[in-house]
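Topology and contacts: notes
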Amino acid sequence: MTDLIAIKGVTHAYQTDAGPLPVLDNLNLSVPEGRFCAVVGPSGCGKSTLTRLIAGLMFPDKGEVWLHGELVKSPRKTVGMAFQNPVLLEWRTILQNVILPLEIVAPSMPKAKKEARARELLSLVGLEGFEDKRPSELSGGMRQRASLCRSIVHKPDVLILDEPFGALDAFTREDLWQLMHQLRAEEPFTALLITHDLRESVYLADQVVVMSGRPGTTQYVLNIDLPSPRPIDMLYSAQSVEWLATLRKQIEVAQGRTPEKEAQA
Amino acid sequence: MTGINWQKIVTPILAIVIFLAIWEAWVWYKGWPTYVMAAPSDLWPAFWRFRWLFLENSWQTLWRTMVGLGLSVIVGTLLGMIMGLSRMMNDALYPLLVGFNAIPKATVVPIVALLFIGQHDFNTVLVAFMISFFPIAVSVAIGLSTLEPEYRDILRSLGASRFTIFWKIALPKTLPEFFGALKVAVTLAFIGTNLVEIVAPHGRGLGSLFDSGRIASNYPLMFAVLIALALLGIFLYYIVVILERIFAGWAERRPT
Ligand SMILES: Nc1ncnc2c1ncn2[C@@H]1O[C@H](COP(=O)(O)OP(=O)(O)O)[C@@H](O)[C@H]1O
Ligand SMILES: [Mg+2]
């Protein structure tokens, strides 16, 4: 298996009024094709910066970002993104919102074909019958479902999710977790999920990366060797509880509350 | 929504009728002569007598206002785009615009009239433009600069060009603010046109009709011009409202 996403020694600083702010420091990370990688870390450690680097929206001071064996030098049409804020366009219907990436990536595709593709996805996420509604007429969970459809409508090979479930209530969030597994089965992609919810990372990911506090670097990698889809009650297995405890400790180290040695003991 | 919402049409008409009735009653009660205060019933004869002048001059005022406003839309939007998309240009232009906007336009009219002697059409359009482009520039600038980065990123991450992002996201997202400003600008442009017609008279437009009413001490005519101005103002305003419905109707809060 080849690494679809490969981050090699990435170091980055933002230029601010108070001088350079180092955000990432020699970060390494690789995600094999078809795998689901979750990144957790203290807030402000550079997770969103990492997503922008992978998407080619900005470039690191040092180090390299590789996608599909190619060095990222500009944005690419094979990336899909979703954020905590669903950023749906209020002047478009849900269907037209989902179509948006196709207008950029495949401008010559017939309109009927674009719409058929969008409808297929919307019914997959349970939004059948809401195609002609405006975003404001939908609940937060439904909007996030539509946003997920938009992020995969053009069949990206890399899906970048920056805390997409962060603003949802606990029950809606669990629904969407299960939906993620279902989407993975139907629409194969390689995913990088930023989250601050450890349970979410264990339930969804094949690999959880803990980033250190700012400037962020790879502090710990946990492999979750379980098939997808997973039953939600896997979270209550002894194995999961142990994983969660391990991640919990690593986060405390990342936050600087526990010295590293103590956590390993 | 089906059919016509009668309440929406009848209520404002009723309000106008009540307003005119109170006005009429008040003048009658006070026994004011027309040179102090004309009553609505005095206005109609004035209107009717000068109906062709009213039509002709309304058109004169209307087209200069529209051309001035059109210029405002073009220049204001361009300025707003420059300021909204470049932090540095915003810092550079903002104080200039604020200062320019603060100058009372009544003082500008004679200067413009001197600068371009005899170019009445040009002068009028210019003042209508100068008085009305500011709100448009500011609203477009604010609309563009407050666009959340995620909105840009969903398209930029797919390699969309700056123009595509502007066309598909930034521009439509700014439309509600733009129309809000346009409602202010349309009235301002209208005021600008009349200002020139009265301060630097060139014998055309409703302002000049007002002036001839003043010179002839025809008070009902002067009041009738005021009413005509109000009607024309309402007309222009609602044209903008209709355009807003068409192009930014999605931003309207729906009854729930
Ligand atoms: N464009 C920027 N300019 C300057 N500083 C930034 C910029 N974007 C983010 N930062 C700062 O960089 C740090 C990391 O940001 P971010 O990647 O968004 O962190 P995270 O997503 O992990 O919370 C934060 O301290 C943030 O304030
Ligand atoms: Mg973030």
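Below, the structure is looked at part by part. Starting afresh in each chain, residues are numbered from 1 along the sequence in its written order. The order in which chains are written sets their letters, starting at A; the order in which ligands are written sets their numbers, starting at 1. With the structure being a predicted model, the display of local features is reserved for residues of pLDDT at least 70 and the display and counting of side-chain atom pairs for 80 or more, all residues being used for whole-chain, interface and lining totals. Hydrogens and water are ignored here; the side-chain numbers use all heavy atoms of the structure.

**Some words on the overall build of chain B**
Labels follow the DSSP assignment, with helices taken as runs of H or I lasting at least four residues and strands as runs of E lasting at least two, numbered in each case from the N terminus. On a plain count of helices and strands, chain B comes out with 10 helices and zero strands. Along chain B, from the amino end to the carboxyl end, the secondary structure elements read α-α-α-α-α-α-α-α-α-α. When the 256 residues of chain B are sorted by exposure, 43% land in the buried category. Sequence-distant contacts in chain B: of pairs separated by 6 or more residues, those separated by 24 or more amount to 73%. Think of it in three bands: with a 1.4 Å probe and only protein chains considered, a residue is buried below 20% of the maximum accessible area for its type, exposed above 50%, and partly exposed in between. Pairs of residues are marked as contacts when any of their non-hydrogen atoms sit within 4.5 Å.

**Observations concerning unusual backbone geometry**
Trans peptide bonds make up most of the peptide bonds, and negative phi angles are found at most residues other than glycine. All names here are of chain A. That bond from arginine 214 to proline 215 is cis: its omega, -5°, falls within 30 degrees of zero. The omega torsion of the bond from serine 228 to proline 229 falls at -5°, within 30 degrees of zero and hence cis. Structurally, proline 229 is set in the loop between β10 (218–223) and α7 (238–254). Here the phi dihedral of valine 87 falls at roughly 35°; this positive angle occurs in a residue that is not glycine. For valine 87, the location among the structural elements is in the loop between β6 (79–83) and α2 (94–105).

**A look at the state of the cysteines**
Residue and element names in this part refer to chain A. Criterion for a disulfide: a pair of cysteine sulfur atoms within 2.5 Å. Across all of its chains, the model carries zero disulfides over all chains by this definition. We note that cysteine 37 lacks a disulfide partner, and the nearest cysteine sulfur, in cysteine 45, lies 13 Å from it. Residue cysteine 37 is classed as buried on the basis of its relative accessible area of 0%.

**Concerning the site of ligand 1**
Residues and elements named next belong to chain A. Neighbouring ligand 1 are Tyr14, Thr16, Leu21, Val23, Ser43, Gly44, Cys45, Gly46, Lys47, Ser48, Thr49 and Arg214. Take cysteine 45: an N or O atom from its main chain is 3.3 Å from an oxygen atom of ligand 1. When the free accessible area of ligand 1 is taken as 560 Å², the share hidden by the protein chains comes to 61%. A per-element tally of the shell around ligand 1 places helix α1 (residues 47–54) first, with three residues. Gly is placed with the polar residues, together with every amino acid not listed as nonpolar (Ala, Val, Leu, Ile, Met, Phe, Trp, Tyr, Cys and Pro) or charged (Asp, Glu, Lys and Arg). Across the shell around ligand 1, the residue classes break down as four nonpolar, six polar and two charged. The nearness test applies per residue and asks whether one of its heavy atoms lies within 4 Å of the molecule or strand. What qualifies as a polar contact is a pair of N or O atoms within 3.5 Å, subject to a donor-acceptor requirement within protein and to the restriction that residues adjacent in sequence count only when both atoms come from side chains. Per-residue and other accessible areas were derived by the Shrake-Rupley procedure at a 1.4 Å probe size, with only the shown protein chains allowed to occlude residues.

**So, the environment of Thr218(A)**
All names here are of chain A. As for its position among the elements, threonine 218 is in strand β10. Through-space distance from the C-alpha of threonine 218 to that of threonine 93 is 41 Å; in sequence the pair is 125 residues apart. Setting aside residues no more than four positions away along its own chain, threonine 218 makes contact with Leu27, Asn28, Val209 and Val210. A polar contact of 2.5 Å, which involves the side chain of threonine 218, links it to the backbone oxygen of asparagine 28.

**Thoughts on the pattern of salt bridges**
Residues and elements named next belong to chain A. A pairing counts as a salt bridge when a side-chain nitrogen of Lys or Arg comes within 4 Å of a carboxyl oxygen of Asp or Glu. Tallied over the entire structure, the rule returns 17 salt bridges over all chains. Taking the shortest distance from any N to any O, the salt bridge between arginine 117 and glutamate 187 comes out at 2.8 Å. Here arginine 117 is found in helix α3 (residues 111–124), whereas its partner glutamate 187 is found in the loop between α5 (170–186) and β8 (190–194), with 70 residues between them in sequence. Each member of the pair, arginine 117 as well as glutamate 187, is classed as buried.

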